[in-house]
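Coordinates in review
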Amino acid sequence: MTLNVLAHQKDILSAYDVVLKSPSCDHWMILEYESNSNIIKVADTGDGGMEELSRSFVAGKLQYGIGAVKWGTSTNAKIVLIQWYISTLQQGEGVPSSRLVATANHATELKRFLRGVHMILIARSEEDVDMESILHVVSRLPGVSETVPISTETSESTHPKAVGTTYQPIKPKNEIDTSSRENFWKEIRAQENDRIAEEKKREKKKNETALRERTELNERIHAQLCSEEGTKKASELSGPKIC
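Computed from a prediction, not measured in an experiment: that's the story for all the values here. (Residues numbered from 1 in each chain as written. Predicted model: local features only at pLDDT ≥ 70, side-chain atom pairs only at ≥ 80, totals over all residues. Heavy atoms only, no water.)

1. Focus: the nonpolar core
By size, the foremost hydrophobic cluster in this structure holds 25 residues, and its most contacted members are Met-29, Leu-31, Ile-40, Tyr-64, Ile-66 and Leu-110. When contributions to this core are tallied by element, the ones reaching two or more residues are helix 1 (9-21), strand 1 (28-33), strand 3 (63-70), strand 4 (77-84) and helix 4 (106-114). Among the elements that take part in this core, helix 1 stands out by supplying 4 residues, more than any other. Setting aside anything within four residues of it in sequence, one finds Leu-110 in contact with Leu-3, Val-5, Leu-31, Tyr-64 and Leu-81. Listed in part, the 20 residues of the second largest apolar core include Trp-71, Val-80, Ile-82 and Val-137. (Core = buried A, V, L, I, M, F, W, Y, C linked by side-chain atoms within 4.5 Å. Buried < 20%, exposed > 50% of the residue type's maximum accessible area, 1.4 Å probe, protein only. Helix = DSSP H or I, 4+ residues; strand = E, 2+ residues; numbered from the N terminus. Contact = heavy atoms within 4.5 Å.)

2. Details of the pairing of strand 4
A large share of strand 4 lies buried, amounting to 7 of its 8 residues. Relative to strand 4, strand 3 is paired through 8 bridges, and the arrangement is antiparallel. For Val-69, the partnering residue across the bridge sits in strand 4 and is Lys-78. With 5 bridges connecting them, strand 4 and strand 5 (residues 119-123) associate as parallel partners. Looking at strand 5, one finds that Leu-81 is bridged to Ile-120. (Pairing = 2+ DSSP bridges.)

3. A look at the packing of aromatic side chains
Counted according to the given criterion, the structure contains 2 aromatic pairs. Ring geometry for Tyr-33 against Tyr-64: centres 5.9 Å apart, planes inclined by 70°, an arrangement best described as edge-to-face. On the criterion of sequence distance, the pair formed by Tyr-33 in strand 1 and Tyr-64 in strand 3 is long-range, its members being 31 residues apart. Since its relative accessible area comes to 7%, Tyr-33 is described here as buried. (Phe/Tyr/Trp six-rings, centres within 6.5 Å; stacked < 30°, edge-to-face > 60°.)

4. Description of the sheet that holds strand 4
Ordered by their spatial adjacency, 5 strands build an open sheet running 2-1-3-4-5, and the pairing between neighbours is mixed. The open sheet terminates on both sides in strands that have one partner only, identified here as strand 2 (40-46) and strand 5. On average, adjacent strands in this sheet sit at an angle of 25° to one another, irrespective of strand direction. Most of the contacts of helix 1 go to strand 1, to which it runs at about 155°, and overall it touches strand 1, strand 2, strand 3 and strand 4. (Axes fitted to C-alpha atoms, helices over the stretch in contact; angles between N-to-C directions.)

5. With respect to the pattern of salt bridges
By the definition in use, this model includes 2 salt bridges. Lys-21 is the salt-bridge partner of Asp-17, the closest N and O atoms lying 3.2 Å from each other. Here the residue Asp-17 and the residue Lys-21 both occupy positions in helix 1, the gap between them amounting to 4 residues, near one helical turn. Taking the shortest distance from any N to any O, the salt bridge between Glu-32 and Lys-61 comes out at 3.3 Å. You can see Glu-32 sitting in strand 1 and its partner Lys-61 sitting in the loop between helix 2 (49-54) and strand 3, a full 29 residues away along the chain. Under the relative-accessibility criterion, Lys-61 is labelled partly exposed at 37%. (Salt bridge = Lys/Arg side-chain N within 4 Å of Asp/Glu carboxyl O.)

Encoded structure:
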């Protein structure tokens, strides 16, 4: 189903404008759904940067976090849209697979609506949204200089190290693995198809049982009426005759 951004459009765009215009790239926002509908709303905002954003997601919810990342000495920030969820395939209290299937395209729709978002990061655990993982993914965006961004703890006289062809991320397990992601979605869709098939099977059995019970009831009523009618006729035939 299509994502509904119109119900709270004013609040969403207002919060997003703050993120875009944040000179220090510290402002962020989190969007979530109203109950189980497709209506999206602002759930939380803050000004503590991406690290604060990464700590603000709720494990049992499907949410969208938006923040800005500055790369190196560039004045142009990269806007990151984080699609956050922990599915029931990972944890029992996570987002149901049926809900994930129904909202599979919503991150793309949200990116198109907001305009200016540079990338979508799918996060299935807290490790996927730590600053190091986010910076590593941002470094792969077109037009981003292949240098490690200057940390606030780095001395001004220290030059950023160039990333060579032999560069290996510290946490390679956090890289976006397209094949694994596709397999994950296939597993979710297969699980959802099995659930739907099982529901149809139960519904069919329920309908067949109800039909059989109605048929048996009709037969009993018909038999009872026939019996009563036969008894009535027999009584009339055996009654006293008037000469």
